[in-house]
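Geometric and topological summary
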Amino acid sequence: MREVSVGAVALDRFAQVLPPERVALLSEAGRRTAEALAGRTVWNVSSTERGGGVAEMLQTLVGYGRGAGIDTRWFVITGDDRFFAVTKRLHNLLHGFRGDLDHLDPADQDHYREVLARNLEGWQGQVSPGDIVLLHDPQTAGMAQALREHGAHVIWRSHIGSDRSNAYTDRGWTFLRPFIESAEACVFSRKEYAPPWLTPQVTVVPPSLDPFSAKNAPMATHSIRGALDRAGIVRRSDGDGNLAFVRRDGTAGTVRAHRGLLVDEDRPLPPDAEVLLQVSRWDHLKDMAGVLTAFTDHLDLFPQNVHLLLVGPDVRGVTDDPEGAQVLEECRELRAGLPPSKRERAHLCCLPMDDVDENAHLVNALQRHATVVAQKSLMEGFGLTVTEPMWKQRPLVASAVGGIVDQIVDGVSGVLLDDPTDLERFATLAAGLFADPGRRQQLGAAAHDRVLRQFLGDRHLLQYGELFTSLAS
Ligand code: UDP
């Protein structure tokens, strides 16, 4: 286990975006929660400090907790490849998907237990009876029993799930049931995700976005352009993307002024390109390959200057997702097999994960630069990659699956694709948005408003505060 250090952030920062009554409510709740939890620590345990929605939210929620005067800490487990292969399988199963392998045998369960027991050693001693421990997702659920026996209030927080059960979800829950039944409370992003047999208290807390993080803070147009140019993703309109330099012998030379984040030495997009963007982990359920095929098979529906940009993390930086490299490779092969006229309109981009702020800054720039944002997931617990562009007033076309149907009101704050496997329909909806700037603007404005009302951190913190207080009292 290792600790992720997060600095305190004052709750009154919300005054920059929220009406005074909402800020007052939050401050008052923060004060009451801090009082109720005096002398206790709130521990968060997750599987990674970077990449994915959980890490994204913990970065800020932990900071606000500390800012409210609550001793809030975040630890990340360590595990080997086999452990993360098992938990990735669980992840797919709970989404109702088979993934690479659908079975989990008793040896897998033993290994899962052993890895988590090793993580508990040494760390558990820091937890005091009466503390609150939030275990995030299947990767950490196996710690619940030991922590409960130790006297902690244990909450299992699932960020994933499926509206409908099937043989795969049943298999996933069968594996996890003995572990999560030890928790005192379980938190899901939608009520439909909770399995019917769950006896611990179930609370529904949809995820949220932090408007002040490097990923979501306002950016000036020239900063957006500068960031994308330096990263070698989009050429600036006011330059050719080259930096001049003088050689030792006095002659002039130029060098490309970019880090070349487009894969396969792809050339940056022209400055006047309009971008259809999907930002996701390289995960089968995000269906990056489906977006690539939908776009390139129906290129004739789009104006000539529209380019597709599929953006995901540099998979070498992500430890808890063994499928990442494979999915990226599939996309690369698909792209490589396209005729040049199509290939030059579709781009893959891997963002470095070693610097969290740089990564966030680039995602921010990309989402603000995009003309239309896609999230063609086959399943989605709740997509921060939907909330983030909504906050930036971008029009979205997204699959009507999982939490996305709570996020987007179809035709009002975005456009929903009923069948996420219908590639032609996806292309038609996306192309329709490129053809209609007025509609894009309307959808974008309504999207921002919806996030402001429902999906900012204050609501999330209020819900957590209530839950923690009820457990501690
Ligand atoms: N993300 C990122 N860099 C990437 C891909 C994704 O920072 O290359 C972020 C994205 O902006 C979002 C999070 O990872 O904040 C993904 O969260 P989401 O809830 O959409 O999906 P998850 O990955 O948790 O399934």
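Structure's up top.
Summary of the structure given here. These figures come from a predicted structure and were not determined experimentally.

Another point: empty space enclosed by the protein. According to the stated counting rule, one finds three cavities of 30 Å³ or more in the structure shown. Roughly 250 Å³ of volume is contained in the largest cavity. Along its surface, the largest cavity is lined by 21 residues, and Gly65, Ile70, Leu461, Tyr464 and Phe468 are the ones closest to its centre. Where the lining of the largest cavity is concerned, the elements lending two or more residues are α1 (20–36), β2 (41–46), α2 (53–67) and α17 (457–472). Here the residues of the lining of the largest cavity sort into 15 nonpolar, six polar and no charged. By volume, the second largest cavity is sized at about 80 Å³.

What follows is about the pattern of salt bridges. Under the criterion given, the structure shown has 25 salt bridges. Ionic pairing is found between glutamate 28 and arginine 32, a salt bridge with its closest N-O pair at 3.5 Å. Taken as a pair, glutamate 28 and arginine 32 lie in helix α1 at a separation of four residues, close to a single helical turn. Residue glutamate 28 is classed as partly exposed on the basis of its relative accessible area of 32%. Salt-bridge contacts for aspartate 163 lead to arginine 190; the nearest nitrogen and oxygen are separated by 2.9 Å. Of this pair, aspartate 163 sits in the loop between β5 (153–157) and α7 (167–180) while arginine 190 sits in the loop between β6 (185–188) and β7 (201–204), and the two are 27 residues apart along the sequence. On the basis of relative accessibility, which here comes to 32%, the residue aspartate 163 falls in the partly exposed class. Under the relative-accessibility criterion, arginine 190 is labelled buried at 8%.

In this section: the site of the ligand. As a structural note, the neighbourhood of the ligand is formed by 19 residues, with Gly53, Lys215, Arg281, Lys286 and Glu388 the closest of them. Separating an oxygen atom of the ligand from a backbone N or O atom of leucine 384 is a distance of 2.9 Å. Breaking the shell around the ligand down by element, the ones donating at least two residues are α2, β11 (306–313), α12 (356–369) and α13 (384–391). For the shell around the ligand, the element with the highest residue contribution is α13, accounting for three residues. Taken together, the residues that form the shell around the ligand break down as six nonpolar, seven polar and six charged.

Strand order across the open sheet formed by six strands is β12-β11-β10-β13-β14-β15, with parallel pairing between neighbours. At either margin of the open sheet sits one strand with a lone partner, and together these are β12 (346–351) and β15 (415–417). Between one strand and the next, the sheet's axes are offset by a mean angle of 25 degrees, whatever the strand orientation. Pairing between β11 and β12: six bridges, direction parallel. Within the sheet, the bridge partner assigned to proline 313 lies in β12 and is leucine 351. Each of β10 (274–279), β11, β13 (372–375), β14 (396–399) and β15 is contacted by helix α15 (residues 423–434), which is oriented at about 165 degrees to β15, the strand it contacts most.

Counting 66 residues, the largest nonpolar core has Ile155, Ile233, Leu277 and Leu309 as the members making the most contacts within it. The biggest single contributor to this core is α17, with six residues.

What follows covers the pairing of β5. For β5, the buried fraction is high: five of the five residues fall into the buried class. Side chains His153, Ile155 and Arg157 of β5 all project onto a buried face; the interleaved residues Val154 and Trp156 project onto the opposite face, where all are buried too. Of the pairings in the sheet, the one linking strand β4 (residues 132–136) to β5 comprises five bridges and is parallel in character. The residue of β5 that forms the bridge with valine 133 is valine 154. Examined bridge by bridge, β5 and β6 share three bridges and lie parallel to one another. What sits directly across from isoleucine 155, in β6, is alanine 185.

A separate point is the sheet that holds β5. Read across the open sheet, the seven strands follow the order β1-β3-β2-β4-β5-β6-β7; overall the sheet is mixed. Of all strands in the sheet, those with a lone pairing partner are β1 (2–3) and β7, marking the two edges. Sheet strands touched by α2: β2, β3 (71–76) and β4. Its angle to β3, the strand with the most contacts, is close to 155 degrees. Relative to β5, α17 is tilted by about 145 degrees, and along the sheet it contacts β2, β4, β5, β6 and β7.

So, about the packing of aromatic side chains. Within the structure shown, the criterion is met by 18 aromatic pairs. An aromatic cluster is defined as three or more aromatic residues linked by ring pairs; in this entry it consists of Phe83, Phe84, Tyr112, Phe175 and Phe179.

We now examine the environment of alanine 400. When you line up the elements, alanine 400 lands in the loop between β14 and α14 (404–407). In this structure alanine 400 touches Val405, Leu416, Leu417 and Asp418, once residues within four positions along its chain are discounted.

This brings us to the side chain of glutamine 367. By the secondary structure assignment, glutamine 367 is in helix α12. Of the polar contacts made by the side chain of glutamine 367, one reaches the side chain of lysine 392; its length is 2.4 Å. Apart from residues lying up to four places away in sequence, glutamine 367 is in contact with Lys215, Leu277, Thr385, Glu388, Pro389, Lys392 and Arg394.

Conventions we followed
- Residues numbered from 1 in each chain as written.
- Predicted model: local features only at pLDDT ≥ 70, side-chain atom pairs only at ≥ 80, totals over all residues.
- Heavy atoms only, no water.
- 1 Å grid on protein atoms, 1.4 Å probe; cavity = no way out; pocket = protein on both sides within 12 Å on 5 of 7 lines; lining within 4 Å.
- Points joined across faces, edges and corners; volume = space filled by probe spheres on them.
- Helix = DSSP H or I, 4+ residues; strand = E, 2+ residues; numbered from the N terminus.
- Nonpolar A, V, L, I, M, F, W, Y, C, P; charged D, E, K, R; others polar.
- Salt bridge = Lys/Arg side-chain N within 4 Å of Asp/Glu carboxyl O.
- Buried < 20%, exposed > 50% of the residue type's maximum accessible area, 1.4 Å probe, protein only.
- Near = heavy atom within 4 Å.
- Polar contact = N/O pair within 3.5 Å; in protein donor to acceptor, adjacent residues only side chain to side chain.
- Pairing = 2+ DSSP bridges.
- Axes fitted to C-alpha atoms, helices over the stretch in contact; angles between N-to-C directions.
- Contact = heavy atoms within 4.5 Å.
- Core = buried A, V, L, I, M, F, W, Y, C linked by side-chain atoms within 4.5 Å.
- Phe/Tyr/Trp six-rings, centres within 6.5 Å; stacked < 30°, edge-to-face > 60°.

Read these as spatial facts, not as claims about activity.
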